[in-house]
Amino acid sequence: MIKPIRAFLPVAAVAAALVPALALAEATVVAQKDKKFSTDRVEVKVGDSVEFRNDDPFFHNVFSLSDAATFDLGSYPQGESKSVSFDTAGTVDVECAIHPSMKMTIEVKP
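What you see as residue numbers is a count from 1 along each chain, following the sequence as written. Per-residue local features of the predicted model are confined to residues with pLDDT of at least 70, and side-chain atom pairs are confined, for both listing and counting, to 80 or more; whole-chain, interface and lining totals are unaffected and use all residues. By convention in this description, side-chain values take in all heavy atoms of the structure and omit both hydrogens and water.

S.K.: Got a sec to walk through the overall build of the protein? Specific residues and values, please.
M.R.: Counting from the N terminus, the helices are DSSP H or I runs at least four residues long and the strands are E runs at least two residues long. Along the protein, the regular secondary structure elements total one helix and nine strands. Counted from the first residue to the last, the protein has its helices and strands arranged as α-β-β-β-β-β-β-β-β-β. Every one of the 110 residues in the protein was classed for burial, and the buried ones make up 33%. Should any heavy atoms of two residues lie within 4.5 Å, those residues are counted as being in contact. Expressed as a percentage of contacts within the protein between residues at least 6 apart in sequence, the contacts between residues at least 24 apart total 49%. Residue-level accessible areas treat just the shown protein chains as cover; the underlying method is Shrake-Rupley with a 1.4 Å probe. When the accessible surface of the protein is totalled, it reaches about 7,100 Å², and 58% of it is carbon and sulfur. Only protein chains enter the calculation, and the probe is 1.4 Å; a residue is then buried if its accessible area is under 20% of its type maximum, exposed if over 50%, and partly exposed in between.

Here you go:
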């Protein structure tokens with residue numbers, strides 16, 4: 001028996017409602033060069049992401065133990081990037097596990 005198409009309409013309506021919200025999310029790129037982040041501070045909104053791009057000829061390991069976002073991107077070499085999406089508002093302190101002097105702050109706004 002073929003099910004009528006109207007049975008799938010609620011699912012399609014929910015999916016269509018989510019697409020605009022996803023389209024509004026933005027990505028910010030933070031480079032890592034000369035054992036420094038390209039900026040000391042970034043402001044993003046909930047749902048946005050930050051891409052950490054390694055432009056140094058050695059590995060970096062970006063992490064945060066902040067309440068607003070806990071993550072560890074692991075070690076990655078020059079030319080690679082790793083991203084983090086933020087789903088909670090707050091202050092995120094970011095560091096490099098390999099280079100302790102590398103620090104920055106991400107302020108996640110509602």
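Structure's up, so let's keep going.
S.K.: Mind laying out the nonpolar core, listing which residues take part and the relevant values?
M.R.: Among buried residues, the Ala, Val, Leu, Ile, Met, Phe, Trp, Tyr and Cys ones that are joined through side-chain atoms within 4.5 Å form a nonpolar core. Of all hydrophobic cores here, the largest spans 21 residues; its most connected members are Phe-52, Phe-71, Phe-86, Val-92, Val-94 and Ile-106. Those elements that place two or more of their residues in this core are β3 (41–45), β4 (49–54), β6 (70–76), β8 (90–96) and β9 (103–109). Each residue touching Phe-86, except ones within four places of it in the same chain, is listed here: Val-44, Lys-45, Val-46, Gly-47, Asp-48, Ser-49, Val-50, Ala-69, Phe-71, Val-92, Ile-106 and Val-108.

S.K.: Explain the sheet that holds strand β2 (residues 36–37) to me, and be specific about the residues and the numbers.
M.R.: If you walk across this open sheet you meet the four strands as β2-β1-β4-β7, and the pairing is mixed. Edge strands, defined here as strands with exactly one partner in the open sheet, are β2 and β7 (81–85). Across five bridges, the pairing between β4 and β7 is antiparallel. Among the inter-strand pairings, Phe-52 is bridged to a residue of β7, identified as Lys-82. Here, a strand pair is defined by DSSP locating no fewer than two bridges between the strands.

S.K.: Give me the lowdown on the sheet that holds strand β5 (residues 60–65), citing residues and values where you can.
M.R.: Strand order in this open sheet of five strands is β3-β9-β8-β5-β6, and the pairing throughout is mixed. Since the sheet does not close on itself, it has two edges, and those belong to β3 and β6, each with one partner. Direction aside, the axes of adjacent strands within the sheet are offset by 20° on average. Each axis is a line fitted through C-alpha atoms, taken for helices only over the stretch in contact, and angles between the N-to-C directions span 0 to 180 degrees.

S.K.: Any details on the pairing of β5? Residues and values, ideally.
M.R.: Most of β5 is tucked away: five of the six residues are buried. By the bridge criterion, five bridges tie β5 to β6 in an arrangement that is antiparallel. Note that in β6 the partner of Phe-63 across the bridge is Asp-72. Where β5 hands over to β6, the hairpin turn is made up of four residues, counted between the paired strands.

S.K.: Any chance you could break down the pattern of salt bridges for me, citing the residues and the numbers?
M.R.: Whenever a carboxyl oxygen of Asp or Glu lies within 4 Å of a side-chain nitrogen of Lys or Arg, that contact is scored as a salt bridge. Summed over all chains, the structure comprises two salt bridges. The shortest N-O distance in the salt bridge between Asp-55 and Arg-53 comes to 3.0 Å. We classify Asp-55 as partly exposed; its relative accessible area is 24%.

S.K.: For the environment of Ala-25, give the residues involved together with the corresponding values.
M.R.: Residue position: Ala-25 is located in the loop between α1 (9–24) and β1 (27–33). Sequence spacing of Ala-25 and Val-46 is 21 residues, and the spatial spacing of their C-alpha atoms is 8.2 Å. Setting aside residues no more than four positions away along its own chain, Ala-25 makes contact with Gly-47 and Asp-48.

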